[in-house]
Amino acid sequence: MKRYLISFEDGAMDHIPTEEMADVDKASHAVMEDAVKAGAYVFGIGVERQRASVVAADGTVTDGPDPDAQRFLGGFVIVDAETREEGLAWAARIADACRCPQEVRELHYDPETEKMLRRHQGD
C-alpha cells in the first residue's frame, strides 16, 4: 500500500461564490466519507492562511514567506492506495467536489517510523 498526498494551493477555491460554498463543503465531505469507508482516508485538513514560522536547525525562528507574495499550501488529504492510478482517482473526485485542481505526490515510506509507531501504540 502506498500513501499519496493530495493537495491544493491557497486561493484555489477563491473562484467559488460564497453562496455555493455549502454545496462544496457537502460534496467534499461526501468524498471523504467514501474514502473513510473504503479504508483509504488517512488524514486531511485545510491550512490557515498565515505567514509560516521557519525554525532553523539551531532553533532560530524567523518569519516565512508572505502568503500574498508566494504560493503556499491551502489544504491536503493523505490517502492509502494500491496504485498511483487509484491515488489519482481519489484526487479526481476531490478536485470535482472542491472545484479546483489537486496536486498528487507519493509519500516516502519510512519503515523505521512505522516500527516506532507500532512499538508505542497503546502507551
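Above this text is the structure in question.
Below is a short write-up of the structure. It should be emphasised that the depicted structure is a prediction, and the values quoted were computed from it without experimental measurement.

Looking now at the overall build of the chain. Broken down by element type, the chain carries three helices and six strands. Seen in sequence order, the chain has helices and strands lined up from the N terminus as β-α-β-β-β-β-α-β-α. Expressed as lengths along the three principal axes of its C-alpha atoms, the size of the chain is roughly 45 × 40 × 25 Å. Long-range pairs, those at least 24 residues apart, make up 75% of the contacts in the chain with a sequence separation of at least 6. Carbon and sulfur atoms make up 53% of the accessible area of the chain, which totals about 8500 Å². Each charge sign in the chain was given a centre, from 14 positive and 25 negative side chains, and these centres are 5 Å apart.

So, about the pattern of salt bridges. Taken as a whole and assessed by the stated rule, the structure comprises seven salt bridges. Residue Glu33 is joined to Lys37 by a salt bridge in which the shortest nitrogen-to-oxygen separation is 3.8 Å. With a gap of four residues between them, Glu33 and Lys37 both fall in helix α1 (residues 21-37), about one helical turn apart. A relative accessible area of 44% means that Glu33 is categorised as partly exposed.

Mapped onto the elements, Ser7 comes out in strand β1 (residues 2-9). Setting aside its immediate chain neighbours within four residues, Ser7 contacts Leu73, Gly75, Phe76, Pro101, Gln102, Glu103 and Arg105.

With that settled, the discussion passes to the nonpolar core. If you look at the biggest cluster of nonpolar residues, it comprises 20 residues, and the most contacted ones within it are Ile6, Met13, Val31, Val79, Trp90 and Ile94. Going through the elements one at a time, β1, α1, β5 (73-81) and α2 (84-98) are the ones with two or more residues in this core. Looking at this core, the element that brings in the most residues is α2, giving five residues. When neighbours within four sequence positions are excluded, Val79 is seen to be in contact with Lys2, Arg3, Tyr4, Ile6, Ala40, Val42 and Trp90.

Inspection of the secondary structure assignment puts Tyr41 in strand β2 (residues 41-46). Expressed as a C-alpha distance, the spacing of Tyr41 and Gly59, which sit 18 residues apart in the sequence, is 34 Å. For Tyr41, the residues in contact, after removing those within four places along its chain, are Met32, Ala35, Val36, Val77 and Ile78.

Looking now at the environment of Glu103. Here Glu103 lies in strand β6 (residues 103-106). The spatial distance from the C-alpha of Glu103 to the C-alpha of Pro17 is 23 Å, given a sequence separation of 86 residues. When neighbours within four sequence positions are excluded, Glu103 is seen to be in contact with Leu5, Ile6, Ser7, Glu9 and Arg71. Only 2.8 Å separates the side chain of Glu103 from the side chain of Arg105, close enough to count as a polar contact.

Let us look at the packing of aromatic side chains. Counted according to the given criterion, the structure contains one aromatic pair. Centroid distance Phe43 to Phe76: 5.9 Å. Interplanar angle 45 degrees. Geometry classified as tilted. Of the two residues, Phe43 is situated in strand β2 and Phe76 in strand β5; the sequence distance between them amounts to 33 residues. On the basis of relative accessible area, Phe43 is assigned to the partly exposed category, the value being 39%.

Cut-off values and rules
Residues numbered from 1 in each chain as written. Predicted model: local features only at pLDDT ≥ 70, side-chain atom pairs only at ≥ 80, totals over all residues. Heavy atoms only, no water. Helix = DSSP H or I, 4+ residues; strand = E, 2+ residues; numbered from the N terminus. Contact = heavy atoms within 4.5 Å. Areas by Shrake-Rupley, 256 points an atom, 1.4 Å probe, with all protein chains shown as cover. Lys, Arg positive; Asp, Glu negative; His and termini not counted. Charge placed at Lys NZ, Arg CZ, Asp CG, Glu CD. Salt bridge = Lys/Arg side-chain N within 4 Å of Asp/Glu carboxyl O. Buried < 20%, exposed > 50% of the residue type's maximum accessible area, 1.4 Å probe, protein only. Core = buried A, V, L, I, M, F, W, Y, C linked by side-chain atoms within 4.5 Å. Polar contact = N/O pair within 3.5 Å; in protein donor to acceptor, adjacent residues only side chain to side chain. Phe/Tyr/Trp six-rings, centres within 6.5 Å; stacked < 30°, edge-to-face > 60°.

Scope: geometric values only; no functional claims are made or implied.
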